[in-house]
Amino acid sequence: MGIFDFFRKKPEIEKQAIEFNELDSFIENKKQEFENKKKNFESFVKQRLSLFIKTLTEKTIALELISLKNIRADERTKFIVRENLDKYTTNLDKLIENLKNIETGDNSKNDSGDDSEENLTVEISEKINNFEKRSFMNYEKATFLIGKELGAVKDSISVFVKDLNNIILENQDFMDSSENLFSIEHELNEIKEIENLREKINDSILNNIKELSSLEEEKKNSREKIENIRDSKEYSEEIENNREIENKHKEFEKNLYELKQMIDFKGLANLFHNNPKKMSIISEHNLNFTNSFLKDNGASLIKLLEEAEKTNYSIIQKINNIIEKRKENEAKSGCISNILSEKISSLEESIKKINQETKGIETENLKEKAKSGKLEQNKRGLISSIKKSSLKMNVEIK
């Protein structure tokens, strides 16, 4: 059986149908199948490579035994031919060495010192192409006197390259399928990563929903507490007391206003216009009567009025009444507590914070859902790509 007979057998293959969830096992089976084919492929290539190396070695020995002594040519021509023949032979030796390294698998270092990760046939082709580039001028100059032996080397290389191309051609389906399988496996892994990400996103969304439910319950409890406080007798009393204090304060302000209207500030100013100290007291009370009066409970104002002989029973009674009302209001305010009102304010502030937190979580969920949707779109694209690649391998994914 010839070296290519194994590869020329291409039996008809029926289209295989599999479920998407069977892809993992399908890939593993195919990888094993392709690994076996790869070994067979490499074995045939190396068999042919071994024959090629043997042939080149024989041709190299023949070149080294060439003598120009009996060839009719001037010495300068012979010198040029010999020089280029030697260089050609040296390059041929390097080629043989590189090919032997590939044959034995010791091809991590080549003549250029680079690491090689190319596949077998590509490496062989590269070595031959590099040789031909380096030795081209040497070959052209050496064939001026030596044609037969050098031509034999060139023919051997041409035959080998043709055989190598035939091997590649015969195995193109296998190599294409191998590439497709790699693409399918890579995209399937991407799908798995997407599914893991979406699972994490869904967990995050569920946790957020639970948090929203907890916040809603907390907000409901706060509202109930507010309603209970507002419906309580204690709160009603607190509101009523506060309202009473507020009314008394308004009445107090009204009395102060009435007292100010009873005082003749213009007359006082005319009387004490030459006294800066008294004019200052008059001005302060005229411009801000309430604060000025409350500083000393009207003592400076009463003294001023007495010196001006402008006091009367109504004014004194009004002042005394205001002072008495102030004491009553301060005593009443000191006994009043706003605990329930403050509790309501605290609960309302808590509800406000819950609303803000709820809005933030809802916004985050919207972003997570959008992210999940984008991932799902990417997943559909990958599934479509996998199905197309599978069809190239005569496999239909349901």
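Reading guide: rules and limits
Residues numbered from 1 in each chain as written. Predicted model: local features only at pLDDT ≥ 70, side-chain atom pairs only at ≥ 80, totals over all residues. Heavy atoms only, no water. Helix = DSSP H or I, 4+ residues; strand = E, 2+ residues; numbered from the N terminus. Rg over C-alpha atoms; globule rule 2.2 N^0.38 Å. Buried < 20%, exposed > 50% of the residue type's maximum accessible area, 1.4 Å probe, protein only. Contact = heavy atoms within 4.5 Å. Areas by Shrake-Rupley, 256 points an atom, 1.4 Å probe, with all protein chains shown as cover. Lys, Arg positive; Asp, Glu negative; His and termini not counted. Charge placed at Lys NZ, Arg CZ, Asp CG, Glu CD. pLDDT = per-residue confidence, 0-100. Core = buried A, V, L, I, M, F, W, Y, C linked by side-chain atoms within 4.5 Å. Salt bridge = Lys/Arg side-chain N within 4 Å of Asp/Glu carboxyl O.

Engineer: What is the right way to look at the overall build of the chain in this model?
Structural biologist: The secondary structure content of the chain amounts to 13 helices and two strands. By the compact-globule yardstick of 21 Å for 398 residues, the chain is too spread out, its C-alpha radius of gyration being 53 Å. Dimensions of the chain along its principal axes, counting C-alpha atoms only, are 160 × 65 × 25 Å. Out of the 398 residues in the chain, the part that is buried amounts to 33%. Across the chain, the fraction of contacts at a sequence separation of at least 24, relative to all contacts at a separation of at least 6, is 83%. Summed over its atoms, the accessible surface of the chain is roughly 25,500 Å², and 48% of this surface lies on carbon and sulfur atoms. In the chain, the 69 positive side-chain charges and the 77 negative ones have mean positions that sit 3 Å from each other.

Engineer: What exactly am I supposed to notice about the confidence of the model for the chain here?
Structural biologist: Interpretation of this model should avoid reading the predicted coordinates in detail wherever pLDDT is low. Residue-level pLDDT values for the chain average 87, and 92% of them are 70 or greater. Across the chain, the secondary-structure element scoring lowest on mean pLDDT is helix 1 (residues 5-8), at 47, and the one scoring highest is helix 13 (residues 339-392), at 94. Taken together, the stretch residues 1-8 has pLDDT below 50 and engages in 15 contacts with residues farther than four places along the chain or on a different chain. Note on residues 107-118: pLDDT is under 50 here. Beyond four places in sequence and across chains, it has 18 contacts.

Engineer: When you look at the nonpolar core in this model, what are you seeing that I'm missing?
Structural biologist: Nonpolar side chains in soluble globular proteins tend to end up buried together. Ranked by size, the top nonpolar core spans 51 residues in total, and within it Leu56, Leu92, Leu99 and Ile124 carry the most contacts. Of all the elements in the fold, those that place two or more residues in this core are helix 2 (23-64), helix 3 (75-104), helix 4 (120-142), helix 5 (148-170), helix 6 (172-230), helix 13 and strand 2 (395-397). A total of 11 residues in this core trace back to one element, the largest contributor, which is helix 2. Counting residues in hydrophobic clusters, the runner-up holds 19 residues, among them Phe272, Phe289, Leu301 and Ile323.

Engineer: Looking at this structure, I do not really get the pattern of salt bridges. What am I missing?
Structural biologist: Opposite charge on two side chains lets them pair, provided their charged atoms get close. By the definition in use, this model includes 18 salt bridges. Note that glutamate 216 is salt-bridged to lysine 219, the shortest N-O span being 3.7 Å. Of the two residues, glutamate 216 and lysine 219 both sit in helix 6, three residues apart, roughly one turn of that helix. Three or more residues joined by partner-sharing salt bridges are found here, namely Glu28, Lys31 and Glu185.

Engineer: Even after reading the chapter, I still don't get the side chain of serine 135, so can you show me in this structure?
Structural biologist: On the secondary structure map, serine 135 appears in helix 4. For serine 135, a relative accessible area of 2% corresponds to the buried category. Not counting the four nearest positions on each side in its chain, serine 135 is found in contact with Tyr88 and Asn91.

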